[in-house]
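Residues per chain, in single letters:
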Amino acid sequence: MTPADPDHRDAARWARRAGLTLADERLDAVAATAAHIHAVVATLRELDLTGVAPTPAGAEVRDAAV
């Protein structure tokens, strides 16, 4: 993990702030999941989508992954 990635202390703080009970053994998994989401979002932000037209409202979207 890079220094900017969340760790178990961050996960514990987020859980307390949200009023959630989070077992200590889950903190590392929650932090790892948050780090993965952060990496995916960072990658998406780097994509240049200026030449991609938006989907028209009401248009059927076909996704080959579905």
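Undergrad: So what exactly am I meant to see when it comes to the overall build of the chain here?
TA: If you tally the helices and strands in the chain, you get two helices and zero strands. Taken over the C-alpha trace, the chain has a radius of gyration of 18 Å; the compact-globule value for 66 residues is 11 Å, which it surpasses by more than 25%. Dimensions of the chain, computed from the C-alpha atoms along their principal axes, are close to 45 × 25 × 20 Å. Per-residue burial for the chain yields a buried fraction of 17% across its 66 residues. Accessible surface for the chain amounts to roughly 5,800 Å². Of this, 58% is attributable to carbon and sulfur atoms. Within the chain, the 10 negative side-chain charges are centred at a point lying 7 Å from the centre of the 7 positive side-chain charges.

Undergrad: Is there a simple way to think about the packing of helix α1 (residues 8–18) against helix α2 (residues 27–46) in this case?
TA: Helix-helix packing is characterised by the crossing angle of the two axes and by the distance between the axes. As a packed pair, α1 and α2 sit with axes 8 Å apart at the nearest point and diverge in direction by 95°. As summarised for this structure, α1 and α2 are arranged roughly perpendicular, according to the angle between their axes. Two secondary-structure elements touch here, α1 through His8, Ala11, Ala12 and Trp14 and α2 through Leu27, Asp28, Val30, Ala31 and Ala34. Residue composition of the contact of α1 with α2, by class: seven nonpolar, one polar and one charged.

Undergrad: What is the right way to look at the side chain of Asp7 in this model?
TA: Tracing the chain through its elements places Asp7 in the segment before α1. On the basis of relative accessible area, Asp7 is assigned to the buried category, the value being 19%. At 2.5 Å, the side chain of Asp7 and the side chain of Arg9 are in polar contact.

Undergrad: Sorry if this is basic, but what is going on with the pattern of salt bridges here?
TA: Per the counting criterion, the structure on display carries two salt bridges. Asp7 is the partner of Arg9 in a salt bridge, and the nearest nitrogen-oxygen pair spans 2.5 Å. On the accessibility criterion, Arg9 (53% relative accessible area) is exposed. Here Arg13 ties to Asp10 by a salt bridge, and the two come within 2.7 Å at their closest N and O atoms.

Undergrad: I keep staring at a nonpolar patch on the surface and nothing clicks. Help me out?
TA: Together, Val40, Leu44, Leu47, Leu49 and Val52 make up an exposed nonpolar region whose accessible area comes to about 460 Å². Residue placement: Val40 occurs in helix α2.

Reading the values: the criteria
Note on numbering: residues in each chain are counted from 1, in written sequence order. Only residues with pLDDT of at least 70 get local features here, since the model is predicted, and only at 80 or more are side-chain atom pairs given and counted; chain-wide, interface and lining totals rely on the full set of residues. Think of the side-chain values as coming from all heavy atoms in the structure, minus any hydrogens and water. Put simply, DSSP marks the helices as runs of H or I at least four residues long and the strands as runs of E at least two long, and each gets a number from the N terminus on. When we talk radius of gyration, it's over C-alpha atoms, and the globule rule is simply 2.2 Å times the number of residues to the 0.38. Type-normalised accessible area, obtained with a 1.4 Å probe on protein chains alone, sets the label of each residue: buried when under 20%, exposed when over 50%, and partly exposed for intermediate values. Accessible areas in this description were obtained via Shrake-Rupley with a 1.4 Å probe; residue shielding takes into account the shown protein chains only. Think of it this way: Lys and Arg go in the positive column, Asp and Glu in the negative one, and His and the chain ends go nowhere. Charge placement uses NZ in Lys and CZ in Arg. For Asp and Glu, CG and CD serve respectively. Inter-axis angles, ranging from 0 to 180 degrees, are taken between N-to-C directions of lines fitted to C-alpha atoms, where helices are fitted over the stretch in contact. Roughly parallel means an angle under 35 degrees; roughly antiparallel, over 145; roughly perpendicular, 65 to 115; everything else is oblique. Whether two residues are in contact is decided by their heavy atoms: any pair within 4.5 Å suffices. In this count, Pro and Cys sit with the nonpolar residues alongside Ala, Val, Leu, Ile, Met, Phe, Trp and Tyr, while Asp, Glu, Lys and Arg are called charged and the others, Gly among them, polar. Each polar contact in these results corresponds to two N or O atoms within 3.5 Å; when the atoms are within protein, one needs to be able to donate a hydrogen and the other to accept it, and residues that are neighboring in sequence are counted only if both atoms are side-chain atoms. Basic side-chain nitrogens of Lys or Arg form a salt bridge, by our definition, when they fall within 4 Å of a carboxyl oxygen of Asp or Glu. Distance thresholds for patches are 9 Å for like charges and 5 Å for nonpolar side chains (Val, Leu, Ile, Met, Phe, Trp, Tyr), applied to residues having over 30% relative accessible area and no salt bridge.

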